[in-house]
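Summary of the model geometry
Residue strings, one per chain:
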Amino acid sequence: HMDGHPAGYFNNHRTKAEIRWKAKGYSLTEAQKAAYAAQVAIKQQERKAEQHAQHIKVAQAVKELLAIALPANADHPYLQDKNARPNGLKVVPQTPDGLPQNSIIKICQDRQDVKTVRDDHPDSLVFVAGNLLLPIYDVNGNIWSAQTIQPNGTKLFVAGSQKEGHFHVVGCNSEGSAVLKALDNAKAIIIAEGYSTADTVSQAMNCPVVAAFDSGNLIPVAQQLHDKYPGKPIVIAGDDDQHLAALNGKNTGREKAQEAAQSVNGVVVFPVFALNEQTSQKLSDFNDLAKKSALGMQAVKRQVGAAIEKAIQLNTIQKHAIQKHQPQSQHVKTQSQIGRASCRE
């Protein structure tokens, strides 16, 4: 209630905890407000410095784990379920052998042991042997985090790591900075949400595809790659979560994909299924189109291929428009420089 005496009510639906709050009516002087704002600014800077230090610490630990992890095999239950390839992926090893003695990595043999190990080692990163490991890179090929995928498909990010704006490139077996080289020769940069969707599109188009991991990361990833490759067209292969829209009135996958494409002057494409398939089976992404639809992988190739051609055409038009105006501006600049030179002479 904002009637001069603000009040609030909090209810945690999971724990059932309830909190009621009401303002006491105190007010601050301008000097107190300024002092408080300065204090908040200092705390924010300290917090940013702490987060950055934590991100670096976690990134180093993830690199150490990836260094001893073996490449994944195609027989992993998740990969089999999604008809996805294992290239570029690794598997959490059975033991921490090979890690530095002061490593913060802990490895469990069973998911049921994770909570106990975390309680006993609150400052450690706990992994489960056998889970898939997806390295997460920045635009310079540096590893900052990893995503783990359990056999049942449950996906988790390494605690305390930095994911925003970072990604995994599907369809190349390279590591480190070489990962980005796979995109150097691509005629368009294709970005999808999860690994299986990115891998499906990569198989269909026979080219590298970027996995942004979730819809919320599509926009920062698209912008980072657009800055890295300003001359390349970008295609967002989005998820169309119509079944979720029917439940809560919000199709986040579709909305974020459209926003990502708009932010980089790219093209967005969503899977088109056979009549009534999408609603009856709750299908949403290109992996569903390839694996569960009667249209199959050929439909993925047709639909994404058309989007790539459209993106290339739009990109060409934009380049021509820039080039068309550039000579005129250069001519004006040259005339201006001549004028200044004449004045000096």
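Preceding this paragraph is the structure being described.
The structure reproduced in this document is the subject of the present report. Everything numeric here is computed off the predicted structure, so don't read it as measured data. (Residues numbered from 1 in each chain as written. Predicted model: local features only at pLDDT ≥ 70, side-chain atom pairs only at ≥ 80, totals over all residues. Heavy atoms only, no water.)

With that settled, consider the overall build of the chain. Scanning the chain from N- to C-terminus turns up eleven helices and 14 strands. Counting all 345 residues of the chain, 40% fall into the buried class. At a minimum sequence separation of 6, the contacts of the chain that also span at least 24 residues come to 59%. Roughly 20,000 Å² of accessible area belongs to the chain as shown, and the carbon and sulfur atoms make up 50% of that amount. Looking at the chain, you have 38 positive and 32 negative side-chain charges, and the mean spots of the two groups are 5 Å apart. (Helix = DSSP H or I, 4+ residues; strand = E, 2+ residues; numbered from the N terminus. Buried < 20%, exposed > 50% of the residue type's maximum accessible area, 1.4 Å probe, protein only. Contact = heavy atoms within 4.5 Å. Areas by Shrake-Rupley, 256 points an atom, 1.4 Å probe, with all protein chains shown as cover. Lys, Arg positive; Asp, Glu negative; His and termini not counted. Charge placed at Lys NZ, Arg CZ, Asp CG, Glu CD.)

Let's shift gears to the sheet that holds strand E9 (residues 155–157). Strand order in the open sheet made by the five strands is E3-E4-E7-E8-E9, with antiparallel pairing throughout. Each of the sheet's edge strands pairs with one partner strand only, and the pair in question is strand E3 (70–71) and E9. In the sheet, E3 pairs with strand E4 (residues 90–91) via two bridges, with the strands oriented antiparallel. Bridging across to E4, Leu-70 finds its partner in Val-91. The strands touched by helix H1 (residues 30–68) within the sheet are E3, E4, strand E7 (132–137) and strand E8 (143–149), with E8 carrying the most contacts at an inclination of about 60 degrees. (Pairing = 2+ DSSP bridges. Axes fitted to C-alpha atoms, helices over the stretch in contact; angles between N-to-C directions.)

So, on to the sheet that holds strand E10 (residues 168–170). One open sheet accounts for five strands, arranged E10-E12-E11-E13-E14; its pairing is mixed. A single partner strand is all that each edge strand has here, and the edge strands are E10 and strand E14 (267–269). Direction aside, the axes of adjacent strands within the sheet are offset by 30 degrees on average. Across the face of the sheet, helix H8 (residues 252–263) comes into contact with strand E13 (234–237) and E14 while running at roughly 160 degrees to E14.

In this section: the side chain of Asp-285. With respect to the element layout, Asp-285 can be found in the loop between helix H9 (277–281) and helix H10 (286–291). Here Asp-285 sits buried without a salt bridge, and the closest side chain of opposite charge, Lys-82, lies 5.6 Å off (N-O distance). There is a polar contact of 3.0 Å between the side chain of Asp-285 and the backbone nitrogen of Asn-287. At 2.8 Å, the side chain of Asp-285 and the backbone nitrogen of Asp-288 are in polar contact. Among residues more than four places away in sequence, those in contact with Asp-285 are Thr-197, Asp-239, Pro-271 and Phe-273. (Salt bridge = Lys/Arg side-chain N within 4 Å of Asp/Glu carboxyl O. Polar contact = N/O pair within 3.5 Å; in protein donor to acceptor, adjacent residues only side chain to side chain.)

So, on to the nonpolar core. One finds Ile-191, Val-210, Leu-225 and Ile-236 to be the most contacted residues of the largest nonpolar core, which totals 43 residues. Once you skip the residues sitting within four places of it in the chain, Val-210 turns out to touch Phe-167, His-168, Val-169, Leu-183, Ile-189, Ile-190, Ile-191, Ala-192, Ala-198, Val-221 and Leu-225. In terms of nonpolar packing, the next biggest core, distinct from the first, is built from 36 residues, Cys-207, Phe-273, Leu-289 and Ala-311 among them. (Core = buried A, V, L, I, M, F, W, Y, C linked by side-chain atoms within 4.5 Å.)

As a further point, take the packing of helix H6 (residues 218–228) against H8. In a pair of packed helices, the angle between the axes and the distance between the axes together describe the arrangement. In the contact formed by H6 and H8, the axes pass within 8 Å of each other and the chain directions differ by 20 degrees. Between H6 and H8, the angle falls in the class roughly parallel. In this structure, the crossing between H6 and H8 has a hand that is right-handed. Residue-level contacts link Leu-218, Ile-219, Ala-222 and Gln-223 of H6 to Lys-256, Ala-257, Glu-259, Ala-260 and Ser-263 of H8. Split by residue class, the contact of H6 with H8 holds five nonpolar, two polar and two charged. (Parallel < 35°, antiparallel > 145°, perpendicular 65-115°, else oblique. Left-handed = near helix turned anticlockwise from the far one by under 90°. Nonpolar A, V, L, I, M, F, W, Y, C, P; charged D, E, K, R; others polar.)

As for its placement among the helices and strands, Gln-150 is situated in the loop between E8 and E9. Owing to a relative accessible area of 10%, Gln-150 belongs among the buried residues under this scheme. Polar contacts involving the side chain of Gln-150 include one to the side chain of Arg-111, which spans 3.3 Å. When neighbours within four sequence positions are excluded, Gln-150 is seen to be in contact with His-76, Tyr-78, Arg-111, Asn-131 and Leu-156.

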